[in-house]
Amino acid sequence: MAESTLQCPACRTGNPPRAKFCQECGASLIGCCANCGEAVNPGAKFCVNCGEPVDAGRKREEEATLLEGGAFGKSEAPERRQLTVLFCDLARSTAISEQLDPEDYGDLIARYRAAVSDIVSKYGGHVANFAGDGIVALFGYRVVQEGSAYAAALAALEMADAAPAIAAGGVDQGVSTAVRVGLHTGPVVVGESGEGAHSEKMALFGDTPNVAARIQNHASPGQVVVSDITKRLIGPHLLFESLGRPALAGVSEPVELFLVRRSTAAFDSERHTLSRPS
C-alpha cells in the first residue's frame, strides 16, 4: 500500500510523510500545539502529546486577535462571554412578501421586530442584530444572568405563541405569521465592528451564533429547537423531544437537537421569576 503524503497548507503540494518543509514552495510542514508546544503535522485533528484538539488552538488565536481590537472599532471594547444565542426568523417570509404591498410588508416586519424585541427584553436578553426577517438575541449579555439558557427558552416559546398576532395587528388580510427559533450556548466574542458608516449594531465572532442559525433551520413554523448543550443548561423545567443529529451546514461535529415544549402549569410562575418587572 502506498504511503500517505503530507499536503502543504500553502501550495497543496503532496510531500513525503517525514518531510519537514514543502518540496515545492519551502513552507514549513510542522506546526505546534497551542496547549503544550508539541509538533503537529498538517491534517492532524488532535495533539499526540496532550490530546488537545488542533482546531482549539487556532480558534483561541483568532479570538485573541479579535480581542486585541483588530476586527473592532474603538467605541466599544470586545468581550468574550459564555452566552446563549437565540436566532429567530419569520417563517414563509418570502411568500408573505409576495402577498403584500411593500409598505404593508414593511409594517409587518416592524411589528414583528418590535414584538420579538419586547419579549427578549422581558426575559433579560439583548437584541444583537436584525437581518431582514432574522433576529439575533443574546442571553447572558450584557449582565450575567443565572439561568440565561432557561430564560432564552422561555422567551423563544413566548415568541412562538405571540407570532400569529403579528399579522392580526395590521391590515394583512389572508396572511398568517409564525416564527422558527434556534438556541445554542457557547463562547462568543462580542463587540462593535467597524467605525463610522461601516459600523454594525453588534458583531459576534465564534461558532456559537453560526450553530444557532443552523439549528433554527431545523425548526418548523411555530417550533423552538435547541442544542444538547443548551438542553443540559435549561435542566428539567421543560419537555424535550430528540430530533437526532442532523447534518448542520458548516458544522463538523455532530450536535443532537431537541424540540422544546412547556412542561406544566408552573410555567407562569417561573416566567415571572425570570422576567423583568414591568
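The structure displayed is predicted, hence computed values, not measured ones.

### Notes on the overall build of the protein
What the protein contains, in helices and strands, is 8 helices and 12 strands. Buried positions account for 42% of the 278 residues belonging to the protein. When contacts within the protein are restricted to residue pairs at least 6 apart in sequence, those whose partners lie at least 24 apart make up 59%. With an accessible surface of roughly 14,800 Å², the protein has 50% of that area assigned to carbon and sulfur atoms.

### Here we look at the side chain of Thr230
Positionally, Thr230 belongs in helix α7 (residues 228–234). Judged by relative accessible area, which is 0%, Thr230 ranks as buried. Within the local environment of Thr230, its side chain forms a polar contact with the side chain of Thr185, the two groups lying 2.9 Å apart. Here Thr230 is in contact with Thr84, Ala149, Leu183, His184 and Thr185, once residues within four sequence places are set aside.

### Points about the pairing of strand β8 (residues 179–191)
Within β8, 12 of the 13 residues are buried, which leaves the element mostly enclosed by the surrounding structure. Of the strand pairs in this sheet, strand β5 (residues 79–90) and β8 are connected by 12 bridges, and their pairing is antiparallel. Considered in β8, the bridge of Glu79 is made with Val190.

### Overview of helix α3 (residues 102–122)
The terminal C-alpha atoms of α3, which comprises 21 residues, lie 30 Å apart, in line with the 30 Å expected from a rise of 1.5 Å per residue. Buried within α3 we find Tyr105, Leu108, Ile109, Tyr112, Val116, Ser117, Ile119 and Val120. What you see down the axis of α3 is that its buried residues fit within an arc of 165 degrees, all on one side. Facing away from the buried side of α3, by more than 90 degrees, are the exposed residues Glu103 and Asp118. A positive backbone phi angle near 80 degrees is found at Gly124, which sits one or two residues after α3.

### A look at the pattern of salt bridges
Per the stated rule, a full pass over the model turns up 5 salt bridges. One salt bridge connects Arg262 with Asp161, and the closest N-O pair in it is separated by 2.6 Å. Residue Arg262 is found in strand β12 (residues 257–262), and its partner Asp161 is found in helix α4 (residues 148–162); the two are separated by 101 residues along the sequence.

### Digging into unusual backbone geometry
Even without a glycine there, the phi angle at Arg92 is positive, about 60 degrees. Mapping Arg92 onto the fold places it in the loop between β5 and α2 (93–99).

### Comments concerning helix α6 (residues 207–216)
Of all 10 residues in α6, 7 are buried, a share of seventy percent or more. What α6 keeps buried is the set Thr208, Pro209, Val211, Ala212, Ala213, Ile215 and Gln216. Contacts made by the buried residues of α6 are with β5, β8, β9 (203–205), β10 (224–227) and β12.

### Some details on the pairing of strand β6 (residues 126–131)
When β6 meets strand β7 (residues 134–139), the two strands line up antiparallel, connected through 5 bridges. Looking at β7, one finds that His126 is bridged to Leu138.

### Considerations on empty space enclosed by the protein
Considering all chains together, one arrives at 1 cavity of 30 Å³ or more under this definition. As a volume, the largest cavity reaches approximately 30 Å³. Residue lining of the largest cavity: Ala115, Val116, Ile119, Met159, Ala162, Ala163 and Ile166, and that is the complete set. Secondary-structure elements contributing two or more residues to the lining of the largest cavity are α3 and α4. At 3 residues, the largest contribution of residues to the lining of the largest cavity is made by α3.

Scoring rules and cut-offs
- Residues numbered from 1 in each chain as written.
- Predicted model: local features only at pLDDT ≥ 70, side-chain atom pairs only at ≥ 80, totals over all residues.
- Heavy atoms only, no water.
- Helix = DSSP H or I, 4+ residues; strand = E, 2+ residues; numbered from the N terminus.
- Buried < 20%, exposed > 50% of the residue type's maximum accessible area, 1.4 Å probe, protein only.
- Contact = heavy atoms within 4.5 Å.
- Areas by Shrake-Rupley, 256 points an atom, 1.4 Å probe, with all protein chains shown as cover.
- Polar contact = N/O pair within 3.5 Å; in protein donor to acceptor, adjacent residues only side chain to side chain.
- Pairing = 2+ DSSP bridges.
- Expected span 1.5 Å × (residues − 1).
- Arc of directions from axis to C-beta.
- Salt bridge = Lys/Arg side-chain N within 4 Å of Asp/Glu carboxyl O.
- 1 Å grid on protein atoms, 1.4 Å probe; cavity = no way out; pocket = protein on both sides within 12 Å on 5 of 7 lines; lining within 4 Å.
- Points joined across faces, edges and corners; volume = space filled by probe spheres on them.

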